[in-house]
Amino acid sequence: MHAASLLSPRLVRVRRLLADGKPHTTREIVRKAEVMAVNACVAELRQHGAVIICEQRRVNGVRRFYYTMTKGPAENG
């Protein structure tokens, strides 16, 4: 996989959202960062050195995925 630059607008939006170190659902990331391929964005950030944990939880019987960034990516774009 070839990761986009950290200057990519979509990666910037996802990184800013996840920078608080709190868990965010896939839907929240889609809505707040205005991206559709959350999984791909997370994979690209990981290629740049970010540590992002993905946890699956059941909420009211529905599967939800939560992404938490514990370490940001290297800033070398």
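Whatever comes next refers back to the structure up there.
Below is a summary of the structure that appears in this document. This is a predicted model, so every value here is computed, not measured. (Residues numbered from 1 in each chain as written. Predicted model: local features only at pLDDT ≥ 70, side-chain atom pairs only at ≥ 80, totals over all residues. Heavy atoms only, no water.)

**Observations concerning the pairing of strand β2 (residues 51–59)**
Then, in step 1: Sheet topology places β2 next to strand β3 (residues 62–71); 9 bridges connect them, and they run antiparallel. Its bridge partner lying in β3, valine 51 is registered against lysine 71.
Then, in step 2: As consecutive antiparallel partners, β2 and β3 are separated by 2 residues, and within that stretch asparagine 60 has a phi angle of approximately 55 degrees, a positive value. (Pairing = 2+ DSSP bridges. Helix = DSSP H or I, 4+ residues; strand = E, 2+ residues; numbered from the N terminus.)

**Concerning the packing of aromatic side chains**
Aromatic ring pairs are defined here through the distance separating the ring centres and the angle between the ring planes.
Then, in step 1: Counting across every chain of the model gives 0 aromatic pairs.
Then, in step 2: Here arginine 57 stacks its cationic end above the ring of tyrosine 66, 4.1 Å away from the centre of that ring. (Phe/Tyr/Trp six-rings, centres within 6.5 Å; stacked < 30°, edge-to-face > 60°. Lys NZ or Arg CZ within 6 Å of the ring centre and 35° of its normal.)

**Some thoughts on the packing of helix α1 (residues 9–18) against helix α3 (residues 38–47)**
Then, in step 1: Where α1 meets α3, the closest approach of the two axes is 10 Å, and the angle between their N-to-C directions is 85 degrees. Classified by the interaxial angle, the pair formed by α1 and α3 is roughly perpendicular. Taking contact as the criterion, the partners of Arg10, Leu11, Val14 and Arg15 in α1 are, on α3, Cys41, Glu44 and Leu45.
Then, in step 2: Along the lines of polarity and charge, the residues of the contact of α1 with α3 split into 4 nonpolar, no polar and 3 charged. (Axes fitted to C-alpha atoms, helices over the stretch in contact; angles between N-to-C directions. Parallel < 35°, antiparallel > 145°, perpendicular 65-115°, else oblique. Contact = heavy atoms within 4.5 Å. Nonpolar A, V, L, I, M, F, W, Y, C, P; charged D, E, K, R; others polar.)

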